[in-house]
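# Survey of secondary and tertiary structure
If you want the building blocks of each chain, they are given just below.
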Amino acid sequence: MRKKVIAGNWKMNKLPNEAISFIEQLEPLVKDCENEVVLCVPYIDLFYSLLYAQKTNIKIGAQNMHWEENGAYTGEVSAEMLKAIGVEYVIIGHSERRAYFAETDETVNKKVKKAHLVGLNPIVCVGETLEQREQGKTIEIITNQTSKALEGLTEEQVASTIIAYEPIWAIGTGKTATAEDANSAIHEIRNEISKKYGQNIAERVIIQYGGSVKSTNSQELFSMPDIDGGLVGGASLNAEEFSKIANS
Ligand code: PGA
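Residues numbered from 1 in each chain as written. Predicted model: local features only at pLDDT ≥ 70, side-chain atom pairs only at ≥ 80, totals over all residues. Heavy atoms only, no water.

### A short note on the site of the ligand
The ligand sits among 13 residues. The nearest are K11, H94, E166, G172 and S212. Take E166: an N or O atom from its side chain is 2.6 Å from an oxygen atom of the ligand. G172 is positioned such that a nitrogen or oxygen atom in its backbone is 2.6 Å from an oxygen atom of the ligand. If the ligand stood free it would expose 280 Å²; the protein chains cover 95% of that surface. A majority-of-atoms criterion places the ligand in the second largest pocket. Grouping the constituent residues of the shell around the ligand by class yields four nonpolar, seven polar and two charged. (Near = heavy atom within 4 Å. Polar contact = N/O pair within 3.5 Å; in protein donor to acceptor, adjacent residues only side chain to side chain. Areas by Shrake-Rupley, 256 points an atom, 1.4 Å probe, with all protein chains shown as cover. 1 Å grid on protein atoms, 1.4 Å probe; cavity = no way out; pocket = protein on both sides within 12 Å on 5 of 7 lines; lining within 4 Å. Sits in = over half its atoms within 2 Å of the grid points. Nonpolar A, V, L, I, M, F, W, Y, C, P; charged D, E, K, R; others polar.)

Here is the structure:
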């Protein structure tokens, strides 16, 4: 049985004091949650979030990292740095980073490898644009992004990579993929992994859905057989709303 992982992606939102009060508010609401609850916060909030999430079941993640250990990369943060302060998860290749910050399948792959090497759990985002969807290319795009992200990993590393299927047209738009569509896309991603690494490995990979997840649709989405939780943007900014999604 795969566990479900519900991860909030705050994007560029919340100051440290807001992160602290959010965690204080969220903690009692998710303390009996059976799903893994993760908050992926801005770099500046990481330390405070880790401090306040200590002794709770809330895990803390970053939203990006660099693949090099150190060096002349102004403005970047390495996987080692994240690991050193106790970060457990990291989002890699979010569509906003691919679109606005020149993230490519190649840099995504380097980051995924590095995350595993230092013991961070990568959440790798894949997803098609509306245009690609209308051209019938969804499966081709998302299976391709998945294979490239996983290239060169060991079977164990593949099994412990989290994939987030996030159709770009559903992110922040209020348009959610139907539970059936999301499940079938995720099923295709799992099939692709199965073809390359075998069914046992594929059955262990946690694959989330992301794109306008809210408390009113999370139950239906997360009860689909292939959907192992969600990556939640806008709805993760409110502790009560996020707790309802996490407890779905
Ligand atoms: P959304 O964002 O929930 O606001 O659509 C999801 C994401 O970008 O991870």
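The rest of the description comes next.
### What about the sheet that holds strand β4 (residues 89-92)?
Taken together, eight strands build a closed barrel; the order of strands is β1-β2-β3-β4-β5-β6-β7-β8 and the barrel is parallel. Recorded for the sheet is a direction-independent mean angle of 25° between the axes of neighbouring strands. As defined by bridge partners, strand β1 (residues 5-9) adjoins strand β2 (residues 36-40) across five bridges and the pair is classed as parallel. Residue pairing for β2: V5 is matched across the bridge by E36. Strands β5 (121-126), β6 (162-165) and β7 (207-210) of the sheet are contacted by helix α9 (residues 179-197), whose axis makes an angle of about 145° with β7. (Pairing = 2+ DSSP bridges. Helix = DSSP H or I, 4+ residues; strand = E, 2+ residues; numbered from the N terminus. Axes fitted to C-alpha atoms, helices over the stretch in contact; angles between N-to-C directions. Contact = heavy atoms within 4.5 Å.)

### Concerning α9
Under the 1.5 Å per step criterion, the end-to-end length of α9 is 26 Å for 19 residues, consistent within 8% with the ideal 27 Å. Along α9, the residues that are buried comprise A179, A182, N183, A185, I186, I189, R190, E192, I193 and Y197. Looking one or two residues past α9, G198 carries a phi angle of roughly 95°, positive in sign. (Expected span 1.5 Å × (residues − 1). Buried < 20%, exposed > 50% of the residue type's maximum accessible area, 1.4 Å probe, protein only.)

### Examining the packing of aromatic side chains
As enumerated under the stated definition, the model contains four aromatic pairs in all. An angle of 80° between the planes, with centres 6.4 Å apart, marks the rings of Y100 and F101 as edge-to-face. Judged by its relative accessible area of 61%, Y100 is exposed. Classification of F101 by relative accessible area gives exposed; the value is 51%. Note that K14 overlies the ring of W10, its terminal NZ or CZ placed 5.4 Å from the centroid. (Phe/Tyr/Trp six-rings, centres within 6.5 Å; stacked < 30°, edge-to-face > 60°. Lys NZ or Arg CZ within 6 Å of the ring centre and 35° of its normal.)

### Focus on the environment of Q157
Relative to the helices and strands, Q157 resides in helix α8 (residues 155-159). Each C-alpha atom, one on Q157 and one on V112, is 9.3 Å from the other, the two residues being 45 residues apart in sequence. Engagement of the side chain of Q157 in a polar contact is seen with the backbone nitrogen of T154, the distance being 3.0 Å.

### Focus on the pairing of β1
Burial runs high along β1: five of the five residues are buried. The alternating pattern of β1 places V5, A7 and N9 and I6 and G8 on opposite faces, both of which are buried.

### Quick look at the packing of helix α1 (residues 16-30) against helix α2 (residues 43-53)
The N-to-C vectors of α1 and α2 enclose an angle of 30°; their axes lie 9 Å apart at closest approach. The orientation of α1 relative to α2 falls into the category roughly parallel. Here α1 runs over α2; the crossing is right-handed. Contacts between α1 and α2 involve P16, A19, I20, I23 and E24 from the former and I44, D45, Y48, S49, Y52 and A53 from the latter. (Parallel < 35°, antiparallel > 145°, perpendicular 65-115°, else oblique. Left-handed = near helix turned anticlockwise from the far one by under 90°.)

### Description of the state of the cysteines
Going through the model one piece at a time under the given rule, you end up with zero disulfides. As a non-bridged cysteine, C40 has C125 as the owner of its nearest cysteine sulfur, 9.0 Å distant. A residue is classified by how much of its surface remains accessible, and C125, at 2% relative accessible area, is buried. (Disulfide = S-S within 2.5 Å.)

### Re the side chain of S243
Positionally, S243 belongs in helix α12 (residues 239-246). In this structure S243 comes out as buried when scored by relative accessible area, which is 5%. Among the polar contacts made by the side chain of S243, one reaches the main-chain carbonyl oxygen of E240 at a distance of 2.7 Å. Beyond its immediate stretch of four places on either side in the chain, S243 contacts L26, L29 and V30.

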